[in-house]
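Here are the chains, one letter per residue:
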Amino acid sequence: MSAIAELGDKLAGLTIAQAVELKNYLKEKYQIEPAAGGVAMVAGPAAGGAAAAPAAEATEFNVVLEAGFDAAKKIGIIKVVRELTGQGLAEAKATVEGAPKNIKEGVDKKTAEDIKKKLEEAGAKVAVKPV
């Protein structure tokens, strides 16, 4: 095992108290200060492997019209896109033909799911993606 691997293993095994002590020693002896979060990075695994806080659940979503729908259902999809977006006929046709395209942006989950349902009922392929 290389000296670097051994040192890495020793650092990873430090307790929080030992990591703080190491930080203080390096600061006093060599004027070396860890980058922001340096102690937490060293102490993280030794703290019992506590799981990171879960990511906050998304509250805004984009509804994306995906390509690959049945061409026979294109007119119905265009009608729904016009209804949802307020676009004119030519603009809605271009949106449908230019898929993937965002239909609605920054909407709440319920609204996104309602829009997805309407588009899928018309024969579209739809994705709801967090913002």
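It should be noted that the structure appears before, not after, this text.
Because the structure is a prediction, the values reported are computed rather than measured. (Residues numbered from 1 in each chain as written. Predicted model: local features only at pLDDT ≥ 70, side-chain atom pairs only at ≥ 80, totals over all residues. Heavy atoms only, no water.)

Trainee: I would appreciate a short explanation of the side chain of Gln87 in the present structure.
Mentor: Following the sequence through the fold, Gln87 ends up in the loop between α4 (74-85) and α5 (89-97). At a separation of 3.5 Å, a polar atom in the side chain of Gln87 contacts the main-chain amide nitrogen of Ala92. The residues touching Gln87, leaving out its near neighbours within four places in the chain, are Val81, Arg82, Ala92 and Thr95. (Helix = DSSP H or I, 4+ residues; strand = E, 2+ residues; numbered from the N terminus. Polar contact = N/O pair within 3.5 Å; in protein donor to acceptor, adjacent residues only side chain to side chain. Contact = heavy atoms within 4.5 Å.)

Trainee: Looking at this structure, how should I read the packing of aromatic side chains?
Mentor: Any two aromatic rings considered together are summarised by their centre-to-centre distance and by the angle between their planes. Inspection of every chain in the model, using the stated rule, returns 1 aromatic pair. Taken together, a centroid distance of 6.1 Å and an interplanar angle of 80 degrees make the contact between Tyr25 and Tyr30 edge-to-face. For Tyr30, a relative accessible area of 45% translates into the label partly exposed. (Phe/Tyr/Trp six-rings, centres within 6.5 Å; stacked < 30°, edge-to-face > 60°. Buried < 20%, exposed > 50% of the residue type's maximum accessible area, 1.4 Å probe, protein only.)

Trainee: How should I be thinking about α4 in this particular structure?
Mentor: Owing to its 3.6 residues per turn, the α-helix aligns residues three or four sequence positions apart on the same side. The terminal C-alpha atoms of α4 lie 16 Å apart, and with 12 residues this matches the ideal 16 Å at 1.5 Å per residue to within 8%. Three or more residues of α4 are buried, namely Ile77, Ile78, Val80, Val81 and Leu84. Buried residues in α4, looked at end-on, bunch into an arc of 165 degrees, giving them a common side. Relative to its buried face, α4 has exposed residues pointing more than 90 degrees away, namely Ile75, Lys79 and Glu83. Where α4 is buried, its residues touch β1 (61-66), α5, β2 (101-107) and α6 (109-121). Gly86 lies just past α4 and shows a positive phi near 80 degrees. (Expected span 1.5 Å × (residues − 1). Arc of directions from axis to C-beta.)

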